[in-house]
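Survey of secondary and tertiary structure
These are the residues of each chain, in order.
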Amino acid sequence: KMCLKLVNDVSSITATLQSNRTLRELNVKDQNDQNDMLIQQHINKAAHINAENENDAEAAGKEKVIQTQLNSTQRAELAELQGVNHRSFYSEINPLHLPEVLALAGHRHGQGELYVALKSSIAGVISTVNRKQWLQQQRAHHNAIIAEHRTKVGSIEAELAAIEAADGPDAVDIGSDSRCSKRRRKWWWGLWG
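We now turn to the structure provided with this report.

How each quantity is defined
- Residues numbered from 1 in each chain as written.
- Predicted model: local features only at pLDDT ≥ 70, side-chain atom pairs only at ≥ 80, totals over all residues.
- Heavy atoms only, no water.
- Helix = DSSP H or I, 4+ residues; strand = E, 2+ residues; numbered from the N terminus.
- Buried < 20%, exposed > 50% of the residue type's maximum accessible area, 1.4 Å probe, protein only.
- Contact = heavy atoms within 4.5 Å.
- Areas by Shrake-Rupley, 256 points an atom, 1.4 Å probe, with all protein chains shown as cover.
- Arc of directions from axis to C-beta.
- Polar contact = N/O pair within 3.5 Å; in protein donor to acceptor, adjacent residues only side chain to side chain.
- Expected span 1.5 Å × (residues − 1).

1. Concerning the overall build of the protein chain
Across its full length, the protein chain carries eight helices and zero strands. Sorting the 193 residues of the protein chain into buried and exposed places 28% on the buried side. Partitioning the intrachain contacts of the protein chain with sequence separation of at least 6 by distance along the chain shows that 52% fall at a separation of at least 24. Accessible area of the protein chain: about 13,200 Å², with a carbon and sulfur share of 54%.

Dropping the structure here:
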């Protein structure tokens, strides 16, 4: 069991990605029963993936995830052989990446596996859809606020233009008092005259 876990640990996606990616051959000495032979078959598959990706350890890890984690039958078999809880691993995947992962599962393992994957991950898929809808609603809400503010700025600019036009060229700023920062008084200029 330990040799199998060494080359393909299915306890999590991270564990699978970090499993040994350099061993190209590993033989279990005693193959007394069906489980031992099955373990050797899975070790051989993992070693074969390592050999096919000998210059790219990351690709070997990804291929192991695709072949074992995304294949429910393989995952269940490996989990039982390794004494690992056979829970759904889809909770480990960012919901925004789930559509791509589901497409990959369907493409590599067929519609039956896609159905199993969808059943296991539907909550995450729905949360992604709801998040997208929520983000769209937030965008619309804030765009409405921006439009409202633009309208308000337009009204303020129109009012300022009207005041400046009414003041004429001989209007003078007289400073500030406690209630406002600047006041324009056309009539004030005439008092000093």
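2. Points about the side chain of glutamine 40
Looking at where glutamine 40 falls in the secondary structure, it is placed in helix 3 (residues 34-52). Judged by its relative accessible area of 5%, glutamine 40 falls in the buried class.

3. A short note on helix 5 (residues 72-82)
Listed as buried for helix 5 are Gln74, Arg75, Leu78, Ala79, Leu81 and Gln82. Taken down its axis, helix 5 places every buried residue within 165° of arc, on the same side. Looking at helix 5, the residues exposed on the side facing more than 90 degrees away from the buried face are Thr73 and Glu80. Of the surrounding elements, those touching the buried residues of helix 5 are helix 1 (2-7), helix 3 and helix 4 (57-69). If you check the start of helix 5, you find a side-chain oxygen 3.1 Å away from the backbone N of threonine 73, and it comes from asparagine 71.

4. Focus: helix 4
In a regular helix each residue adds 1.5 Å, so 13 residues correspond to 18 Å; helix 4 covers 17 Å between its end C-alpha atoms and thus fits that length. When we look at burial in helix 4, the residues that qualify are Ala60, Gly61, Glu63, Lys64, Val65, Ile66, Thr68 and Gln69. Here the buried face of helix 4 lies against helix 1, helix 2 (13-18), helix 3, helix 5 and helix 6 (98-109).

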